[in-house]
Amino acid sequence: MAPAEVLSGKTVSAQVRDRLKQQVAEMKEIFPGFAPGLAILQVGNRDDSNLYINMKLKAAAEIGISANHIKLPNTATEADVLKCIASLNGDPAVHGFIVQLPLDSDKPINTEKITNAVAPEKDVDGLSSINAGKLSRGDLGDCFIPCTPKGCMELIRQTGVQVAGKRAVVVGRSKIVGAPMHDLLLWNHATVTTCHSKTSTLAEEVGKADILVVAAGKAEMVKGEWIKPGAIVIDCGINHVPDSTKASGKRVVGDVAYSTAKEKASYITPVPGGVGPMTVAMLMQSTVESAHRFLEKFQPGKWNIQYNQLTLKKPVPSDIEISQSCIPKPIDQLAREVGLLPGELELYGQTKAKVHLSTLKRLKNQPDGKYVVVTGITPTPLGEGKSTTTVGLVQALGAHLHQNVFACVRQPSQGPTFGIKGGAAGGGYCQVVPMDEFNLHLTGDIHAITAANNLVAAAIDARMFHELTQTDQALYNRLVPSVNGVRKFSDIQIRRLQKLGINKTDPMALTKEEVNLFARLDIDPATITWQRVIDTNDRFLRKITIGQSPTEKGFSRMAQFDITVSSEIMAVLALADGLDDMKKRLGRMVVASSKRGEPVTTDDLGVTGALAVLMKDAIKPNLMQTLEGTPVFVHAGPFANIAHGNSSVLADKIALKLVGKAGFVVTEAGFGADIGMEKFFNIKCRYSGLRPHVVVLVATVRALKMHGGGPAVTAGVPLPKEYMEENLQLLARGCSNLKKQIQNAQIFGVPVVVAVNAFKTDTKAELALVVQLAKEAGAFDAVECTHWAEGGKGAVALAQAVQRASQAPSNFRFLYNVELPVIDKIRLIAQQIYGASDIELLPEAREKVALYTKQGFGNLPICMAKTHLSLSHDPELKGAPTGFILPIRDIRASVGAGFLYPLVGTMSTMPGLPTRPCFYDIDLDPVSGEVNGLF
């Protein structure tokens, strides 16, 4: 018979690499910025290992695989190797991961323990027990196969001979080649015999093989005369035998006597150049396969989410009863459902977790979803239900219309929770759950802000005290102390020197004048705008005297406490675009002016780095869920009057990537459209660069009746009949507020959908009138909603209207250019959004305009601090007042957050407790551990 056809591994592996190169190119085209990732972990510095690794790195680069070689010294311990493996297991950029064997360490290391530590889904060498077990069971589509057997199988396929029904013999039973080769042939339907060193009839068994794979590790052990005529022979052996004709004195041979075997076989692999080149090619193929599996499993926008079914009750139970009757999904399950990776999650128990900012980096090339903001008419004590509508809308879009959707909401302050407002998780069958965890500590973000804020306050007073009680030189010596005979500026002190124009780094080189300039902030106590904070409603902290202890040597001053959510650090958290941006904003915060009229910042105080450390976890958004199992980001909770009243930019950005191009992100703006929505557009969207698609404006019949002149309401007293009976005339007058807020949204060029949040006392005629007048005022649509009693089902019509509106043109624009003078920006907001005829700046406000313009802050956006209870400055003026003069009492700067906030009238930043606070009803069941009475 004719000599065997040579199966060239070099030729086949080149074909495989070309095919993989094309696949990777297609993958990168579909998923811009993505590349399959291979990590190679080496311990020690063996020459043969270095050679093999270089071959793998070269092949990866040729194909387009991002390969990373991690090299540990030969002093590495088993614990060191395991720690490195754990890190690579959790790295989403690594899809394939191999440990180069043997491990060249002078410490004892259990190789099997190491190979089994590699995550099975990344074990492209196929050496872990889990992959071996799956292969032995025939789960070929759900495991990785060791590269040498996989390469052998590819060579067999190249012959065109069907494996099924053939008799196969494998010589060798190693875990790396022989045993998996047996399983691979078996599950490709061959009848397989495995032979080894103890097989007494080896020649006889070999002679029966249609397919022969030899991996015995013994030079030319299998003789040509043993081989069945026409057999396929795959030789995995690499052995060195003496050869005086070679310069090295030896040559490489396989486990099969090639010269005689090729005369009997139909196909045969040479050594070298047969199986060897295939091993590296199969490693690359497994890495690309792993990347495909990763994309299939974690494809952005491809959700496989399980929704919770509501069991509706009538009458609707209390919010806490509904919340506690719901069994939330484990939060790590929800995270997987929406495409978050395990390494991107930081669990806080079973129902909440923080999400790492690395998620945004991973998804940076993915398109954003549709961006929806929920706002309302001017609030009344009767409530409009913005939070409830936000949750109802996402439950409708997700659980009922099967759209990818995220809610992004603010974290509530504990002060009002225990004071008069109660919880803020939504209500009825539209809640974020568990509502007790949502309303209380959550993951500690507000506590972190409290700590950071009060560190700044302590630094201010301590610095003033030390400057007042020490000479320049004594102060300088303590600020830049000698440690082990060496004096050195810290990084933050170098920044201060640069700010002062002192280009020196040697502490001994400063002149007396420079020492004075550097060491003394010279804070003017009358200009301090930074206050201490606490997350409790405490009216007796509104004005205090500090420094009364004898140790402060009589340096006392008047001060105050604000509630934590009013801290500028909260506003910074909400507007930061990442850790670096947050740190820069924290450093820019202005706390006072010097006696020379220059701004004093937290960076000048030297506290920026410490603030960033305190806030490093708070910057990660918190993941929770709604009653119906849709995802929610709860992050940041700035005041909507002295700050911008919106949840974080980072939460919105991550959510927009996760939902995918066709999905929705629904966020909520505080108070009415004239406050929260205006700031959402002019401040949040300006800094985030995000552009909204739809405004949802929430209104209720009874709140509109109050705007129409309805009587005042008192807590604990039954509602007047005007709110319980049909009154179309009163309602029509009140719709003037609705019309004005619709117009306010239209100023920004965004379609408006009005959500009429229905109550059982509303009549059909009243609801129809609101819908009619809203559409006449220019709303894209107006929809009656019953989500409080029915959950997402009651907001399906609203969700469908939002879907339609999101397809309409959105010609978003800002109200003003930040380069305009401060007064002009304030006037534009007052006239176009509030309906004022003009503004009046009181003397203190005029001084601040001049000061902030001089200090370089005049081009910041404006964040108006006014009452939320009226479009005007007078909370008693309901409806849509016009022709009034808006008084500007003062202007303050949140330079770190990035805005100026004019004060319209008196603005309280520390709520007080009422006669009967909510805490009377809040209790803990010591047996079940359940919280009762939150709302």
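Reference entry: report on the structure contained in this document.

To continue, consider the overall build of the chain. Looking only at helices and strands, the chain has 33 helices and 37 strands in total. Among the 935 residues that make up the chain, the fraction classed as buried is 55%. In the chain, the proportion of contacts linking residues at least 24 apart, taken out of those at least 6 apart, comes to 74%. Accessible surface, the chain: about 38,500 Å² in total, of which carbon and sulfur atoms supply 54%. Charge centroids of the chain, computed over 100 positive and 90 negative side chains, lie 2 Å from each other.

Phe406, Leu623, Phe633, Phe681, Leu738, Val754 and Leu886 are the most contacted members of the largest nonpolar core, which has 139 residues in total. No other element matches helix α17 (residues 445-469), which puts 9 residues into this core. Setting aside residues no more than four positions away along its own chain, leucine 886 makes contact with Ala830, Tyr834, Ala836, Asp838, Ile839, Glu840, Met864, His873 and Val904. Core analysis: the second largest hydrophobic core is formed by 55 residues, Leu7, Phe144, Cys152 and Val275 among them.

Another aspect to go through is the pairing of strand β35 (residues 899-903). A large share of β35 lies buried, amounting to 5 of its 5 residues. The alternating pattern of β35 places Phe899, Tyr901 and Leu903 on one face and Leu900 and Pro902 on the opposite face, and all of these are buried. As paired elements, strand β34 (residues 890-894) and β35 share 5 bridges and run antiparallel to each other. Across the sheet, aspartate 890 pairs through a bridge with leucine 903, a residue of β35. Between β34 and β35, which follow one another and run antiparallel, lie 4 residues, and glycine 898 among them has a positive phi close to 105 degrees.

Strand order in the open sheet formed by 3 strands is β3-β2-β4, with parallel pairing between adjacent strands. The outermost strands of the open sheet, each flanked by one partner alone, are β3 (66-72) and β4 (96-99). The sheet shows a mean angle of 15 degrees between the axes of neighbouring strands, taken without regard to direction. Contacts from helix α2 (residues 47-63) reach β2 (37-43), β3 and β4, with the element oriented near 170 degrees to β2. Of the strands in this sheet, β2 and β4 are in contact with helix α10 (residues 275-297), which crosses β2 at around 130 degrees.

This part takes up empty space enclosed by the protein. Under the definition given, this model contains 2 cavities of 30 Å³ or more. Its volume calculated, the largest cavity comes out at about 50 Å³. Contributing to the lining of the largest cavity are Phe97, Ile98, Val99, Thr115, Val118, Asp123, Asp125 and Leu127. Sort the elements by how many residues they give to the lining of the largest cavity and β4 lands first, with 3 residues. Residues belonging to the lining of the largest cavity are distributed by class as follows: 5 nonpolar, 1 polar and 2 charged. As a volume, the second largest cavity reaches approximately 40 Å³. What lines the second largest cavity is simply Gln411, Pro412, Gln414, Leu440, His441, Gly444, Asp445, Ile446, His447 and Asp535.

What counts and how
- Residues numbered from 1 in each chain as written.
- Predicted model: local features only at pLDDT ≥ 70, side-chain atom pairs only at ≥ 80, totals over all residues.
- Heavy atoms only, no water.
- Helix = DSSP H or I, 4+ residues; strand = E, 2+ residues; numbered from the N terminus.
- Buried < 20%, exposed > 50% of the residue type's maximum accessible area, 1.4 Å probe, protein only.
- Contact = heavy atoms within 4.5 Å.
- Areas by Shrake-Rupley, 256 points an atom, 1.4 Å probe, with all protein chains shown as cover.
- Lys, Arg positive; Asp, Glu negative; His and termini not counted.
- Charge placed at Lys NZ, Arg CZ, Asp CG, Glu CD.
- Core = buried A, V, L, I, M, F, W, Y, C linked by side-chain atoms within 4.5 Å.
- Pairing = 2+ DSSP bridges.
- Axes fitted to C-alpha atoms, helices over the stretch in contact; angles between N-to-C directions.
- 1 Å grid on protein atoms, 1.4 Å probe; cavity = no way out; pocket = protein on both sides within 12 Å on 5 of 7 lines; lining within 4 Å.
- Points joined across faces, edges and corners; volume = space filled by probe spheres on them.
- Nonpolar A, V, L, I, M, F, W, Y, C, P; charged D, E, K, R; others polar.

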